[in-house]
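# Structural overview for review
Here is how the chains run, residue by residue.
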Amino acid sequence: MTPSPTSTGFSHSDTYQTLAQADALCQQRGVRLTDLRWRVLEIIWSHPKPMGAYAILDVLHDDGRQGAPPTLYQALDFLLEQGLIHRLASLNVCTGGCQPGSRHSGQFLIRRDCDPVSEMNSLAVENLLYAEADENLLYAEADARRFEVLTQVAEVLGRCLDCQHGTPSDVG
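Worth saying up front: this structure is predicted, and the values here are computed from it rather than measured.

### As for the packing of aromatic side chains
Counted under the stated rule, the structure contains 0 aromatic pairs. Directly above the aromatic system of Phe78 lies the positively charged group of Arg37, at a separation of 3.7 Å from the ring centroid.

### Concerning the environment of Gly166
Looking at the element boundaries, Gly166 is found in the segment after helix H7 (161–165). What makes Gly166 exposed here is its relative accessible area of 53%. Sequence separation of Gly166 and Asp113 is 53 residues, and the distance between their C-alpha atoms is 9.9 Å.

### Examining the nonpolar core
Here is a general trend for soluble globular proteins: nonpolar side chains tend to be buried in one another's company. Core analysis: the biggest nonpolar cluster contains 24 residues, and Val40, Leu41, Ile56, Leu72, Leu76 and Leu79 have the highest contact counts within it. Breaking this core down by element, the ones donating at least two residues are helix H1 (15–29), helix H2 (35–46), helix H3 (53–62) and helix H4 (69–81). Looking at this core, the element that brings in the most residues is H2, giving 6 residues. Contacts of Leu79, omitting those with residues within four sequence positions, involve Leu33, Arg37, Val40, Leu41, Leu84 and Ile85.

### What about the confidence of the model for the protein?
Close inspection of predicted coordinates is inappropriate for parts of the model with low pLDDT. Averaged over all residues, the pLDDT of the protein is 79; the fraction at 70 or higher stands at 80%. Confidence, read as mean pLDDT per element, is least for helix H5 (residues 123–129) in the protein (71) and greatest for H3 (95). With pLDDT under 50 throughout, residues 1–12 is counted as low confidence; its partners more than four residues away or in other chains account for 20 contacts. pLDDT under 50 marks residues 168–172. Its contacts with residues more than four places away, or in other chains, come to 6 contacts.

### A word on the state of the cysteines
Here a disulfide denotes one covalent bond, and it connects the sulfur atoms of two cysteines. This model, assessed by the stated rule, comprises 0 disulfides. Counting only cysteine sulfurs, Cys163 is the nearest neighbor of Cys114, a cysteine outside any disulfide, at a range of 3.7 Å. For Cys160, which is in no disulfide, the shortest distance to another cysteine sulfur is to Cys163 and amounts to 3.6 Å.

### Let's talk about the sheet that holds strand E5 (residues 154–158)
Sheet architecture is open: 3 strands sit in the order E4-E3-E5, paired in mixed fashion. The open sheet has two edge strands with one neighbour each: strand E4 (117–120) and E5. For this sheet the average axis-to-axis angle between neighbouring strands, irrespective of direction, equals 25 degrees. Bridging between strand E3 (residues 107–111) and E4 involves 4 bridges; their strand directions are antiparallel. Its bridge partner being in E4, Phe108 is matched across the sheet by Glu119.

### Topic: the environment of Glu141
Within the secondary structure, Glu141 is located in helix H6 (residues 137–144). Side chain to side chain, Glu141 and Arg145 meet in a polar contact 2.8 Å long.

Each value, and the rule that gives it
- Residues numbered from 1 in each chain as written.
- Predicted model: local features only at pLDDT ≥ 70, side-chain atom pairs only at ≥ 80, totals over all residues.
- Heavy atoms only, no water.
- Phe/Tyr/Trp six-rings, centres within 6.5 Å; stacked < 30°, edge-to-face > 60°.
- Lys NZ or Arg CZ within 6 Å of the ring centre and 35° of its normal.
- Helix = DSSP H or I, 4+ residues; strand = E, 2+ residues; numbered from the N terminus.
- Buried < 20%, exposed > 50% of the residue type's maximum accessible area, 1.4 Å probe, protein only.
- Core = buried A, V, L, I, M, F, W, Y, C linked by side-chain atoms within 4.5 Å.
- Contact = heavy atoms within 4.5 Å.
- pLDDT = per-residue confidence, 0-100.
- Disulfide = S-S within 2.5 Å.
- Pairing = 2+ DSSP bridges.
- Axes fitted to C-alpha atoms, helices over the stretch in contact; angles between N-to-C directions.
- Polar contact = N/O pair within 3.5 Å; in protein donor to acceptor, adjacent residues only side chain to side chain.

Laid out in structure tokens, this is it:
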């Protein structure tokens, strides 16, 4: 699938490039980025904040697409499995990642008071999360319980400096 970059209305310049990379990655893996999956990924990547399923569904309906939650959830599951998006369980939303398709845990700073979510990309945290099972306490504990770790997302809830000081700019 190769949509025209002028027809998408992206809110940031690298969205089209990321979508093209996602399409190429899916082709390499032998899986299909269908029209719906492409559009859902485009919606998530072009939105400035993480989005819940029903907000995504509203955009799809605004596009004139018929769709039901199960169909959308199947598309989201596919995008998650391919590493193209992250799900933030504490907020029940999805967001694009800073390294789509690459093996990384997803490390997020979630601002409690002013709403933005930032993805960290700390190599030190990655090394801790993806160390070999015998060197990683999480994997060792999961293995001891005969539990296979499929994915990890680090969600850290906190307050930014502005919110800590109660400045007017923290209203989100």
